[in-house]
Amino acid sequence: MSNTYRVSCGAGLENEEEFVDILEERRRSSDLGHALRTFSPHPYKGAESCSNADLNKAVLESQYLRYMAKEIAAETGSSVEEVREEACGILEEMSQNLQLKCIRLMGFTLTKVLKRLYSGIFVNMEGLNMLQQSIQEHPVILMPNHRSYMDFLMISYIMFTYDIPLPFIAAGIPLAGMKLVGELLRRSGAFFIRRAIGSDKLYWAVLSEYVRSIVKTGIAPLEFYVEGLRSRTLKSMMPKLGMMHMVMEPFFKGEVYDITLIPISISYDRVLEESLLAHELLGIPKPKESTTGLLKASKVLQEDYGSMHVNFGRPMSVRHLCEGKINRCQYNLVPRDLPQKPSAEVQACVSWLAHLMVRVQEEGSVMGPWALMACLLLQAPTRVLTEEGLPWQELTDKTLWLRKLALDFGARLNWPRQAPDTDVMSSTVALHGSVVNRKAGRVFLVQEEEPARNRPISPEEEMISTAAAVLMLASYRNMSLHIFVRPALLATALHITKTTQKDELLAFFCFLRDVFSNEFIFIPGNSSQDFEEACFLLKKCGAVHVSEQEVTVSDAGLEVLSFLQALLQPFIDSYQVIFRFLCENKVHVYAEKQFLTAVRNLATELILSGELHTYEALSSDTHKNVLSALQRMDTLTKSRASQQNEYTMNKAAVRRIDDILSGKIPPQMLHTTPEAKL
């Protein structure tokens, strides 16, 4: 019998979910026996028998690709045969070649690796059972979040273990270039997509037809990361819509009756790449994916990474979700096999669905004690963490306080009940010895040991070492932000505006939500619902009183509001550094690389001078998110020149955003969007 336990979901015991440790059985029985066991899945009932070669042939001979080949040949002056030959080469580079014997080999290898790395891999069986049923009824799209390279084959491993049809997995093309490993991944179901497709019409045509063919035939579940890339900050990223539109199109065109989306939340106690991710954010290039690099990374097998949770969400019907949102009749006006540019209505629906899926992934993620402790550690001055240490008793008392708040806000919390709370927190800190250490009753931030050198370490080098440690800590804090961000926006609105008027707070809340829409996931069109949720949660924990016209702070609410406002402060500080740079600099047009370097230099200068205390202002992801936010808010325009992006600034508009964020412009001057009216 597998090791089973429950994860708390919210404050009540009735809101618990059962998770089973799938490694428990592997530790007791033969790894080889598991790999060679009879695999008898129940596939989609409408799927036709279709080999990988048949699938590729169907793609190449499709009416859609024939039409596109003729169009591209006419545009480029090439012959149709040359274009089709190029399409064949693209498909050969791209396509998967799933083979059960390779899955068995990967299963055997993965079992060995997983048992070394993790104390347990916990899967919610109710979600897995619903997935098993869904796969037999409609084409299924698996949509996991992406936090680690370990995500890649975990879903296939679990599905192999429980006799569920194995998925075809969208992967980045760099993985295909890894000697031996790339071919093993291809034979494990991976199909490879180039990172920068740009305006390559033929590549888009081959990829979209390949994806649509998988969905239409139901030959296998299709798995892809809606965020597009692995998150370097461990928080959710804005969804990419290209693949989402491809998988939805067979439904829009009436080629399938329905499609089932399965959101999957993968949560880690500790991430393998924690140090690598922090250094990437500081501008240190990511090592190229290679087999040699993989072998060098084998030292990670000697460390403990705690447990992993894989939460299969409730199946979601595309037919049901799109009801009333789009009119599919528009697709009847053009033959199915011809390309058709999606209407604004369809694009909005796909965007809404993609954001919804990421939000559901967030709600399904499981937090451990470390995410809460990281929130509190980062609210202490960095100097205290590096020199004096934070008192252990203070940290544990505040963590228990924050645990109650997180459960009140609906968090899924993995907090072992069989052990005393102090033991749980002690073992948590021990697990994260690469980030903090505990000595003499205090907790200190761990800074990387510098290699032996002939010269003293410079202030810049010392700052980068501290910044890497802070960003590692911040990444674990980020795992909890989806729980707190809406109340934190309202707490910040109360703090900056000093008003109690509900309509003014809503206007400022919507402004903050708009500014930070690239940092946090907000479903388009849900501004008023997010505001009402924030009011409800702050009222629920006793922090505010809410009437029809006002939101007022209670005497008991100051601690909660202070914590929430401090949680958002690093993001505000980082954005204001960039706004300051843009407003004070005389340049109006920036190349992206020039901008990123200049902003990091300014942040470094401000930190070294003591004027800025937020090391997160050094993060390249934050810099890029600000550019995206300003572009979305029509304060800069993006163009392509000399093989890189260029941005033209409207300094007056940037200055106004900065003035609003600083509280210099009163909330009465803000205009609430029509969809956000109370």
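Residues numbered from 1 in each chain as written. Predicted model: local features only at pLDDT ≥ 70, side-chain atom pairs only at ≥ 80, totals over all residues. Heavy atoms only, no water.

(A) Quick peek at the overall build of the protein. Each helix and strand counted, the protein has 28 helices and 19 strands in total. Summarising its shape, the C-alpha atoms of the protein cover approximately 70 × 65 × 60 Å along the three principal directions. Once local pairs closer than 6 in sequence are excluded, the contacts in the protein between residues at least 24 apart make up 76%. Approximately 29,300 Å² of the protein is accessible, and the part contributed by carbon and sulfur atoms is 52%. Of note, the protein has its 72 positive side-chain charges centred 3 Å away from the centre of its 79 negative side-chain charges. (Helix = DSSP H or I, 4+ residues; strand = E, 2+ residues; numbered from the N terminus. Contact = heavy atoms within 4.5 Å. Areas by Shrake-Rupley, 256 points an atom, 1.4 Å probe, with all protein chains shown as cover. Lys, Arg positive; Asp, Glu negative; His and termini not counted. Charge placed at Lys NZ, Arg CZ, Asp CG, Glu CD.)

(B) Main features of the packing of aromatic side chains. For the coordinates displayed, the defined rule picks out 18 aromatic pairs. Taken together, the ring pairs connect Phe516, Phe520, Phe522, Phe571, Tyr575 and Phe579 into an aromatic cluster. Sitting over the ring of phenylalanine 251, arginine 328 keeps its end group 4.0 Å from the ring centre. (Phe/Tyr/Trp six-rings, centres within 6.5 Å; stacked < 30°, edge-to-face > 60°. Lys NZ or Arg CZ within 6 Å of the ring centre and 35° of its normal.)

(C) Representation of the UniProt feature "domain: Phospholipid/glycerol acyltransferase" (unreviewed entry) in the protein in the model. On the UniProt side, "domain: Phospholipid/glycerol acyltransferase" (unreviewed entry) is annotated at positions that read residues 140-269 here. Within residues 140-269, the helical portion is 38% and the strand portion 19%, while the C-alpha atoms at the span's ends are 29 Å from each other. (UniProt positions renumbered as here; feature names shortened; annotations may be inferred.)

(D) Structural view of the sheet that holds strand S11 (residues 390-391). The strand order S11-S14-S13 describes an open sheet built from three strands, whose pairing is antiparallel. The sheet terminates laterally at S11 and strand S13 (436-439), the two strands that pair on one side only. Bridge analysis of S13 against strand S14 (residues 442-445) gives four bridges, and the strand direction is antiparallel. Its bridge partner being in S14, arginine 438 is matched across the sheet by valine 443. (Pairing = 2+ DSSP bridges.)

(E) Molecular detail of the nonpolar core. Judged by nonpolar contacts, the single largest core of 163 residues is most densely connected at Tyr118, Leu131, Val310, Phe312 and Phe484. Ranked by residue count, the leading element in this core is helix H25 (residues 558-584), at 15 residues. With near-sequence residues (within four places) excluded, leucine 131 lies in contact with Val140, Leu142, Met159, Ile164, Ile262 and Phe312. Core analysis: the second largest hydrophobic core is formed by 61 residues, Ala87, Val206, Phe224 and Val358 among them. (Core = buried A, V, L, I, M, F, W, Y, C linked by side-chain atoms within 4.5 Å. Buried < 20%, exposed > 50% of the residue type's maximum accessible area, 1.4 Å probe, protein only.)

(F) Quick look at the environment of leucine 153. Here leucine 153 shows up in helix H8 (residues 151-161). With 36 residues separating them along the chain, leucine 153 and glycine 189 place their C-alpha atoms 9.3 Å apart. Discounting residues that sit within four places of it in the chain, leucine 153 has contacts with Met106, Leu110, Ile169, Leu185 and Ser188.

(G) Representation of the pairing of strand S3 (residues 120-124) within the structure. Summarising burial for S3: five of the five residues are buried, a large majority. Residues Gly120, Phe122 and Asn124 of S3 are buried on one face, and the alternating residues Ile121 and Val123, pointing to the opposite face, are buried as well. The pairing of S3 with strand S9 (residues 307-312) spans four bridges and is classified as parallel. Following the sheet pairing, valine 123 is matched in S9 by valine 310.

(H) Structural detail: the state of the cysteines. Applying the stated criterion to the full structure yields zero disulfides. Cysteine 510 supplies the cysteine sulfur nearest to cysteine 535, a cysteine that is in no disulfide, at a spacing of 11 Å. (Disulfide = S-S within 2.5 Å.)

(I) Region of interest: the packing of helix H5 (residues 80-94) against helix H11 (residues 201-217). Taken N-terminus to C-terminus, the directions of H5 and H11 make an angle of 55°; their axes are 10 Å apart at the nearest point. Taken together, the axis directions place H5 and H11 in an arrangement best described as oblique. By crossing handedness, the relation of H5 to H11 is classed as right-handed. Residues Val83, Glu86, Ala87, Ile90, Leu91, Glu93 and Met94 of H5 pack against Leu202, Tyr203, Val206, Leu207 and Tyr210 of H11. In terms of residue class, the contact of H5 with H11 is made up of 10 nonpolar, no polar and two charged. (Axes fitted to C-alpha atoms, helices over the stretch in contact; angles between N-to-C directions. Parallel < 35°, antiparallel > 145°, perpendicular 65-115°, else oblique. Left-handed = near helix turned anticlockwise from the far one by under 90°. Nonpolar A, V, L, I, M, F, W, Y, C, P; charged D, E, K, R; others polar.)

(J) View of the pattern of salt bridges. Scanning all chains against the criterion turns up 37 salt bridges. Residues arginine 403 and aspartate 421 are paired through a salt bridge, measuring 3.2 Å at the closest nitrogen-oxygen approach. In this pair, arginine 403 sits in helix H19 (residues 392-408) while aspartate 421 sits in helix H20 (residues 421-431), placing the two residues 18 residues apart along the sequence. Two residues, aspartate 514 and arginine 632, come together in a salt bridge whose shortest N-O distance is 2.7 Å. Taken together, the positions of aspartate 514 in helix H23 (residues 502-515) and arginine 632 in helix H27 (residues 620-632) put the pair 118 residues apart, joining distant regions of the chain. One network of salt bridges, with partners in common, ties together Glu209, Arg212, Lys216, Glu249, Lys253 and Glu255. (Salt bridge = Lys/Arg side-chain N within 4 Å of Asp/Glu carboxyl O.)

(K) Expanded view of the side chain of threonine 604. Among the structural elements, threonine 604 can be located in helix H26 (residues 592-609). In this structure, threonine 604 is in contact with Met463 and Leu618, ignoring residues within four places of it in sequence.

(L) A look at the side chain of glutamate 249. For glutamate 249, the location among the structural elements is in helix H12 (residues 242-252). Polar side-chain contacts of glutamate 249 include one of 2.6 Å to the side chain of arginine 212. When near neighbours in sequence (up to four residues on either side) are disregarded, glutamate 249 contacts Arg212, Glu255 and Gln340. (Polar contact = N/O pair within 3.5 Å; in protein donor to acceptor, adjacent residues only side chain to side chain.)

(M) View of helix H6 (residues 100-117). Here H6 is 18 residues long and its end C-alpha atoms lie 25 Å apart, about the 26 Å a rise of 1.5 Å per residue gives. Those residues of H6 that sit buried are Cys102, Ile103, Arg104, Met106, Gly107, Leu110, Thr111, Leu114 and Leu117. Buried residues along H6 sit in contact with helix H1 (23-28), helix H2 (31-35), S3, H8 and helix H10 (181-186). (Expected span 1.5 Å × (residues − 1).)

(N) Region of interest: the pairing of S14. Here S11 pairs with S14 via two bridges, running antiparallel. From the neighbouring strand, proline 391 faces S14, where its bridge partner is arginine 442. Linking S13 back to S14 in an antiparallel pair, the connection comprises two residues, with alanine 440 at a positive phi of about 50°.

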